[in-house]
Amino acid sequence: MEIQEALLNRRSIRKYKAQQISGENINKMLKAAMYAPSAMNTQAWQFVVVDNKQTMMDIFKIIPHAEMLKQTVKAILVCGDVSVEKNETWILENCSAATQNIQLSAYGLGIGSCWISVYGSEDTFKKIKSLFNLPENIIPFSLVSLGYPDEEVKTEERFKEEKIHFNKW
Ligand SMILES: Cc1cc2nc3c(=O)[nH]c(=O)nc-3n(C[C@H](O)[C@H](O)[C@H](O)COP(=O)(O)O)c2cc1C
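This structure is a prediction, so every number in the text was calculated from the model and none was measured.

1. Comments concerning unusual backbone geometry
In this model, Met-40 sits at a positive phi of 60 degrees, which is unusual for a non-glycine residue. Mapped onto the secondary structure, Met-40 falls in the loop between α2 (23-34) and β1 (45-50).

So this is what it looks like as structure tokens:
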């Protein structure tokens, strides 16, 4: 697949079929995540694969606006490790890159995904940390819900000349 095709046509998918995602495909997405850029190449990330229906519902109770979790067949919790990377801003940047790689890899495999914010809300952050028994040094960053698409999502033109500046503002 052309990389530009994936970059422009990947959309957040929130409706999924019941079809399962193979472990092989999950590993491909995790591999893509682990090849993301990271500050000083620390690769200070960890991943929790969720394939348990009850756990998915427990997450849904914590993040009730994430309706898609009712249909999500698998999800990946992207976490940062503050014992490896002390700079928390870099952790967030690294985990963002890893999250996007998962989404792009999923798209290439014909799998729909949606980035669900975990770190953005202190309440969600604390509850997810506790639900997953994450050690003190592991911070939950994002949850990527995954499933074969059961919707087609289009977007408007996003390329805007007025957002581009050359050399100085
Ligand atoms: C940091 C971040 C947090 C997000 N959190 C959520 C979320 O909690 N729930 C959700 O449905 N979508 C979430 N999204 C997905 C955005 O809504 C989506 O990317 C945006 O609407 C653009 O649509 P697109 O992904 O189809 O291009 C998040 C995306 C980002 C980058």
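2. Focus: the nonpolar core
Across soluble globular proteins, nonpolar side chains have a tendency to be buried as a group. The biggest cluster of nonpolar side chains holds 24 residues, and the ones touching the most others in it are Ile-21, Met-29, Phe-47, Ile-76, Val-78, Ile-102 and Leu-146. Secondary-structure elements contributing two or more residues to this core are α2, β1, β2 (74-81), α4 (88-108) and β4 (138-147). Looking at this core, the element that brings in the most residues is α4, giving six residues. Not counting the four nearest positions on each side in its chain, Val-78 is found in contact with Gln-46, Phe-47, Cys-95, Ala-98, Thr-99, Ile-102, Ile-139, Pro-140, Phe-141, Ser-142 and Val-144. Grouped together as the second largest cluster of nonpolar side chains are 22 residues, Val-50, Met-56, Met-68 and Leu-69 included.

3. Regarding the pattern of salt bridges
Oppositely charged side chains may form a pair once their charged atoms are brought near each other. Going through the model one piece at a time under the given rule, you end up with seven salt bridges. The shortest N-O distance in the salt bridge between Lys-126 and Glu-122 comes to 3.1 Å. Of the two residues, Lys-126 and Glu-122 are both situated in helix α5 (residues 122-131); the distance of four residues between them amounts to about one turn of the helix. When sorted by exposure, Lys-126 lands in the same class as Glu-122, which is exposed. Residue Lys-154 is joined to Glu-152 by a salt bridge in which the shortest nitrogen-to-oxygen separation is 3.0 Å. As far as burial versus exposure is concerned, Lys-154 and Glu-152 are alike and both exposed.

4. Some words on the site of the ligand
Every residue near the ligand is listed here: Arg-10, Arg-11, Ser-12, Arg-14, His-65, Met-68, Cys-114, Trp-115, Ile-116, Ser-117 and Arg-158. One nitrogen or oxygen atom from the side chain of Ser-12 is found 2.6 Å from an oxygen atom belonging to the ligand. Measuring from a nitrogen atom of the ligand, one finds a backbone N or O atom of Trp-115 at 2.9 Å. In the complex, 60% of the free accessible area of the ligand, which totals 620 Å², lies under the protein chains. Classifying every residue of the shell around the ligand by side-chain character gives four nonpolar, three polar and four charged.

5. As for α2
For α2, which comprises twelve residues, the first-to-last C-alpha distance of 16 Å matches the rise-based estimate of 16 Å (1.5 Å per residue) to within 8%. Along α2, the residues classified as buried are Asn-25, Ile-26, Met-29, Leu-30 and Ala-33. The buried residues of α2 occupy one face: seen down the axis, they fall within an arc of 140 degrees. Exposed positions of α2 whose direction lies more than 90 degrees from the buried face are Glu-24, Asn-27 and Lys-31. In this structure, the buried side of α2 is in contact with β1, β2, α4 and β4.

Rules behind the numbers
Residues numbered from 1 in each chain as written. Predicted model: local features only at pLDDT ≥ 70, side-chain atom pairs only at ≥ 80, totals over all residues. Heavy atoms only, no water. Helix = DSSP H or I, 4+ residues; strand = E, 2+ residues; numbered from the N terminus. Core = buried A, V, L, I, M, F, W, Y, C linked by side-chain atoms within 4.5 Å. Buried < 20%, exposed > 50% of the residue type's maximum accessible area, 1.4 Å probe, protein only. Contact = heavy atoms within 4.5 Å. Salt bridge = Lys/Arg side-chain N within 4 Å of Asp/Glu carboxyl O. Near = heavy atom within 4 Å. Polar contact = N/O pair within 3.5 Å; in protein donor to acceptor, adjacent residues only side chain to side chain. Areas by Shrake-Rupley, 256 points an atom, 1.4 Å probe, with all protein chains shown as cover. Nonpolar A, V, L, I, M, F, W, Y, C, P; charged D, E, K, R; others polar. Expected span 1.5 Å × (residues − 1). Arc of directions from axis to C-beta.

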